[in-house]
Protein chains: 2
Amino acid sequence: MLKAREQVSKATIRRIPLYYRAVQQLQQQGVSRIRSDKLSEIVHIPSATIRRDFSSFGELGKSGYGYEVTTLVDAFGKLLDVHSKEAIILVGVGGLGTALMQNNFRRNPDLNITMAFDTDPAKLGVVAGIPVYSFATLAAHLTPAMHTAILAVPSASQPAVIHALEAAGIDAILTFAPKPVACAPQTTIRYIDLTSELQSLLFTAHQKVGHGAIVR
Amino acid sequence: MLKAREQVSKATIRRIPLYYRAVQQLQQQGVSRIRSDKLSEIVHIPSATIRRDFSSFGELGKSGYGYEVTTLVDAFGKLLDVHSKEAIILVGVGGLGTALMQNNFRRNPDLNITMAFDTDPAKLGVVAGIPVYSFATLAAHLTPAMHTAILAVPSASQPAVIHALEAAGIDAILTFAPKPVACAPQTTIRYIDLTSELQSLLFTAHQKVGHGAIVR
DNA sequence: AAATGTTTGTTTGCCCGTTCACAAACAGCG
DNA sequence: CGCTGTTTGTGAACGGGCAAACAAACATTT
Ligand SMILES: NC(=O)c1ccc[n+]([C@@H]2O[C@H](COP(=O)([O-])OP(=O)(O)OC[C@H]3O[C@@H](n4cnc5c(N)ncnc54)[C@H](O)[C@@H]3O)[C@@H](O)[C@H]2O)c1
Ligand SMILES: NC(=O)c1ccc[n+]([C@@H]2O[C@H](COP(=O)([O-])OP(=O)(O)OC[C@H]3O[C@@H](n4cnc5c(N)ncnc54)[C@H](O)[C@@H]3O)[C@@H](O)[C@H]2O)c1
């Protein structure tokens, strides 16, 4: 059973999606049970860490046996709230935004970009089956059930866009523009900073004398 | 002066690009000196952390005065090896790959995608001024100076692609396909897992009762 | 030149996350 | 049913990074 809301560490939270993806794949392959050391080889995470992570959600496994795959799929699916579909909006239908719309997390039925917005009139219309509206009509198109936005706008536009999104009720934002923005207390922003990732990767790769590494 | 290669923590390394971007911007704005507490407001990193990070590269600042902006720009530029241009190759000219080529880190003159590869004959040619070659001709086009690759291929193709890249002398890889791959010891792989980022963002946003957060 | 005020670099303690290692719990089997 | 072998869940030790706080170092002012 799932534990009552205790305290799930941030590091663990970031690994849940990896676990979920792995056990889903196992289920599709017809594997019905899995041991922590075997799962470790698949996800490249130490088995001790896996067991500690899993135990923070309750007693999911059985000693001397392992974990029932369906138990894990159910548990993580519940945690990630897979069955209540997330209606995600996208702002900025440029190169990156278009790629995201075409892909649209198609492997994950719960994640769905349902509409997009742009200021450039040339971008309005339909892309990959998803409507693109004028950014000026943001408030008119949002429903109260929409909490989540992906941003692929230029850095310079970002503060104004975030401000408008917060006013429209969005409180979870994933953005590709690295400009730090002061946000409202209830808002969570995650930055994906591709340039920084590449630069720090190059730094570690150059600096490295010793052994190889997989960096997350 | 820059310290002899001591020990730079991984957490610090990930922040160098942020610092570099910030001080570059300050320089462009004509600001000639900056204090750690003022810089803190710009990059949203505590001033104590900033000073500790900076001090790991030597004594860059002056007490009772702050930091000379040009000193910082020089120091971080040297650290990130900004003046030796990195020739980066891209594999997988799909939606994401095309977006990366069009952008091509244009703000950073040192980062340059110089050629791309794909298996689909329809993708070959030139995109955004960058030649796209058949993936079968990878070895023929690479020069010994090329260490770095960005991957935007489907997860299923990834292991084979990484294997071929390693054989061709690539040892730093940034990839968007989340499938974990066992790599050679000298290779560094950084995964950008957009689906995981989004899912764990949703988890934290839902779980949150208290105050807002910026998550990196 | 001395006095004052400011800001750095670093020392210290703390917290979070990882890893080790083992007792307890269970499966499998005779 | 008892015995053996296996694997979990977790207490304990460890390590790394963060934040507070302060002495030393420098700028500035008188
Ligand atoms: N594509 C890359 O390789 C890459 C790499 C690093 C960082 N990024 C960052 O990702 C973001 C998007 O990149 P891109 O390549 O798609 O850029 P892009 O220029 O192709 O697209 C930006 C889009 O945002 C729209 N836009 C501008 N202001 C807007 C506003 N106020 N409201 C709504 N829409 C607005 C533009 O009309 C355009 O369609 C940028 O911040 C960029 O710095 C991209
Ligand atoms: N675009 C997104 O929103 C998004 C989101 C999450 C994850 N991803 C991941 O990023 C990666 C790329 O995404 P995309 O949307 O650009 O996919 P895409 O299907 O548009 O492009 C993939 C490209 O790789 C090429 N390719 C396939 N096998 C190859 C091989 N062996 N060697 C060289 N090239 C090969 C294909 O011809 C195609 O051009 C995928 O792994 C995807 O899972 C993308």
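Quick note: structure is the one above.
A quick note: this is a predicted structure, and the numbers were derived from the prediction, not measured.

What counts, and at which threshold
- Residues numbered from 1 in each chain as written.
- Chains lettered and ligands numbered in written order.
- Predicted model: local features only at pLDDT ≥ 70, side-chain atom pairs only at ≥ 80, totals over all residues.
- Heavy atoms only, no water.
- Least-squares fit on C-alpha atoms with pLDDT ≥ 70 in both.
- Contact = heavy atoms within 4.5 Å.
- Near = heavy atom within 4 Å.
- Polar contact = N/O pair within 3.5 Å; in protein donor to acceptor, adjacent residues only side chain to side chain.
- Areas by Shrake-Rupley, 256 points an atom, 1.4 Å probe, with all protein chains shown as cover.
- Helix = DSSP H or I, 4+ residues; strand = E, 2+ residues; numbered from the N terminus.
- Nonpolar A, V, L, I, M, F, W, Y, C, P; charged D, E, K, R; others polar.
- Patch = residues over 30% accessible without salt bridge, like charges linked within 9 Å, V, L, I, M, F, W, Y side chains within 5 Å.
- Salt bridge = Lys/Arg side-chain N within 4 Å of Asp/Glu carboxyl O.
- Lys, Arg positive; Asp, Glu negative; His and termini not counted.
- Charge placed at Lys NZ, Arg CZ, Asp CG, Glu CD.
- Buried < 20%, exposed > 50% of the residue type's maximum accessible area, 1.4 Å probe, protein only.

**Student:** Can you walk me through the relation of the copies chain B and chain A in this structure?
**Tutor:** Copy one and copy two of the chain differ by a rotation about a common axis and a shift along it. Its rotation angle being 180°, the transformation that places chain B on chain A also includes 0.0 Å of axial translation and leaves an RMSD of 0.1 Å. The transformation just described matches what one would write down for a two-fold rotation axis. Interface residue correspondence from chain B to chain A reaches 100%, placing this contact among same-surface, isologous pairings.

**Student:** In this structure, what is going on with the site of ligand 1? I would like to understand it.
**Tutor:** Taken together, 24 residues lie near ligand 1, and G95, L96, D118, K123 and V153 of chain A sit nearest. Chains contributing residues near ligand 1 are chains A and B. Contact distances for ligand 1 include 2.6 Å between an oxygen atom and a side-chain N or O atom of D118 of chain A. The separation between an oxygen atom of ligand 1 and a polar main-chain atom of V153 of chain A is 2.6 Å. Relative to its free-state accessible area of 820 Å², ligand 1 is covered by the protein chains to the extent of 80%. Of all the secondary-structure elements, those providing two or more residues to the shell around ligand 1 are α5 (95-103) and α8 (194-207) of chain A together with α5 (95-103) of chain B. With three residues, the top contributor of residues to the shell around ligand 1 is α5 of chain B.

**Student:** Mind showing me how you'd approach the protein's contact with DNA strand D here?
**Tutor:** Surrounding DNA strand D, one finds 28 residues, the nearest of these being R35, S36, R52 and Y67 of chain A together with R15 of chain B. Within 4 Å of the protein, the contacting atoms of DNA strand D are drawn from sugar and phosphate to the extent of 64%. Between R52 of chain A and DNA strand D, the recorded distance is 2.5 Å, taken from a side-chain N or O atom to a base oxygen. A distance of 3.0 Å separates a sugar or linking oxygen of DNA strand D from a polar atom in the backbone of G64 of chain A. Elements with a minimum of two residues in the surface near DNA strand D: α3 (47-55), β2 (61-62) and β3 (66-68) of chain A together with α1 (10-28) and α3 (47-55) of chain B. Considering each element in turn, the surface near DNA strand D owes the most residues, four residues, to α3 of chain B. Looking at the surface near DNA strand D, its residues break down into seven nonpolar, ten polar and eleven charged.

**Student:** Mind showing me how you'd approach a positive patch on the surface here?
**Tutor:** Residues K10 and R14 of chain A together with K10 and R14 of chain B make up a contiguous surface patch of positive charge. Put simply, the parts of the chain that give the positive patch at least two residues each are α1 (10-28) of chain A together with α1 of chain B. Summarising the element assignment, R14 of chain B is placed in helix α1.

**Student:** Can you help me understand the environment of R14 of chain A in this one?
**Tutor:** On the accessibility criterion, R14 of chain A (45% relative accessible area) is partly exposed. If near-sequence neighbours (up to four positions away) are discounted, R14 of chain A is found in contact with R190 of chain A together with S200 of chain B.

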